[in-house]
Amino acid sequence: MSKLTHIDETGRARMVDVSDKAVTAREAVAEGFVRMSPETLRLALSGEGRKGDVRAVAEIAGVMAAKKTSDLIPMCHPLAITKAEVRVEPAEGGLAVTARVKTSGQTGVEMEALTAVSVACLTLYDMLKAAEKGMVIEAVRLVAKSGGKSGDWTA
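Residues numbered from 1 in each chain as written. Predicted model: local features only at pLDDT ≥ 70, side-chain atom pairs only at ≥ 80, totals over all residues. Heavy atoms only, no water.

**Q** Before we go on, may I ask you to explain the overall build of the protein chain in this structure?
**A** A tally of regular secondary structure across the protein chain gives 4 helices and 5 strands. N-terminal to C-terminal, the α/β element order of the protein chain is β-α-α-α-β-β-α-β-β. Projected onto its principal axes, the C-alpha coordinates of the protein chain cover approximately 50 × 30 × 25 Å. Within the protein chain, the proportion of its 155 residues that are buried is 36%. For the protein chain, the exposed area adds up to about 9,000 Å²; of that, 56% sits on carbon and sulfur atoms. (Helix = DSSP H or I, 4+ residues; strand = E, 2+ residues; numbered from the N terminus. Buried < 20%, exposed > 50% of the residue type's maximum accessible area, 1.4 Å probe, protein only. Areas by Shrake-Rupley, 256 points an atom, 1.4 Å probe, with all protein chains shown as cover.)

Laid out in structure tokens, this is it:
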């Protein structure tokens, strides 16, 4: 097992020192899914829900979450994000959420992309829960990352 970077030699949590790392272009893509009934999906796509256009609100919430990731994840560095894009699209059985986040910096944006997807999914649940409380948020995962010392990775 490789060494965990957020744990020091005594086992205490620490923020990783990235001051010696090169500034490179970095990008991460994450995805998630909100499973729901066909009736709830129709309501979500109609734009006629009592809370408004649920897809647009979830996309905005995801972008806002990407920008606030370091406020939520204790050892996450605050980053100057150069792009945060969240898409909510209909898919078989529910709504698929994808986030793409970019920066030029000394550390990656994987956590920002994952946070964006998670919050967008939670927002969809919140906006649709009056119609269906049994929705399931699932399959939140990193799909790809690029840049940095470890290079490119794809699921």
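**Q** I keep staring at a nonpolar patch on the surface and nothing clicks. Help me out?
**A** Taken together, the side chains of Leu72, Ile73 and Met111 present a nonpolar region at the surface, about 250 Å² in accessible area. Relative to the helices and strands, Ile73 resides in the loop between α3 (69-72) and β2 (81-91). Look at Ile73 and you get partly exposed, because its relative accessible area is 31%. (Patch = residues over 30% accessible without salt bridge, like charges linked within 9 Å, V, L, I, M, F, W, Y side chains within 5 Å. Salt bridge = Lys/Arg side-chain N within 4 Å of Asp/Glu carboxyl O.)

**Q** I'm lost on the sheet that holds β2 in this one. Help?
**A** With antiparallel pairing, the 5 strands of this open sheet are ordered in space as β2-β3-β1-β4-β5. Each of the sheet's edge strands pairs with one partner strand only, and the pair in question is β2 and β5 (153-154). (Pairing = 2+ DSSP bridges.)

**Q** Looking at this structure, how should I read the pairing of strand β4 (residues 136-146)?
**A** When strand β1 (residues 24-35) meets β4, the two strands line up antiparallel, connected through 8 bridges. Counted as the bridge partner of Arg35 is Val136 from β4. The hairpin turn running from β4 into β5, its antiparallel successor, is 6 residues long, and Gly147 in that turn takes a positive phi close to 95°.

**Q** What am I meant to see in the side chain of Glu112 here?
**A** Here Glu112 shows up in helix α4 (residues 110-128). Nearest to the buried, unbridged Glu112 among oppositely charged side chains is Arg26, at 9.9 Å. For Glu112, the contacting residues outside a window of four places in its chain are Ala66, Thr69, Cys76, His77, Leu79, Ile81 and Val101. (Lys, Arg positive; Asp, Glu negative; His and termini not counted. Contact = heavy atoms within 4.5 Å.)

**Q** In this structure, what is going on with helix α2 (residues 54-67)? I would like to understand it.
**A** Residues that lie three or four places apart on an α-helix share one face, since the helix turns once every 3.6 residues. Compared with the 20 Å implied by 1.5 Å per residue over 14 residues, the 20 Å span of α2 between its first and last C-alpha is a close match. Within the sequence span of α2, burial applies to Val54, Ala58, Glu59, Ala61, Gly62, Ala65 and Ala66. Viewed along the axis of α2, the buried residues span an arc of 165°, placing them on a single side of the element. Across α2 from its buried face, at more than 90 degrees, point the exposed residues Ile60 and Lys67. Measuring from the side-chain oxygen of the N-cap residue of α2 to the backbone nitrogen of Arg55 gives 3.2 Å; that N-cap residue is Asp53. (Expected span 1.5 Å × (residues − 1). Arc of directions from axis to C-beta. Polar contact = N/O pair within 3.5 Å; in protein donor to acceptor, adjacent residues only side chain to side chain.)

**Q** How should the state of the cysteines be read in this particular structure?
**A** Such a bond, covalent and formed between the sulfur atoms of two cysteines, is termed a disulfide. Taken as a whole, this structure holds 0 disulfides when the rule is applied. Note on Cys76: no disulfide assigned, nearest cysteine sulfur contributed by Cys121 at a separation of 19 Å. (Disulfide = S-S within 2.5 Å.)

**Q** Would you mind showing me how to read the environment of Ala91 here?
**A** Position of Ala91 among the secondary structure elements: in strand β2. Overall, the relative accessible area of 29% leaves Ala91 in the partly exposed class. Separated by 56 residues in sequence, Ala91 and Arg35 have C-alpha atoms that sit 9.3 Å apart. Sequence-distant contacts of Ala91, that is, excluding residues within four places in its chain, are made with Phe33, Leu41 and Ala96.

All we've got here are geometric facts, nothing functional implied.
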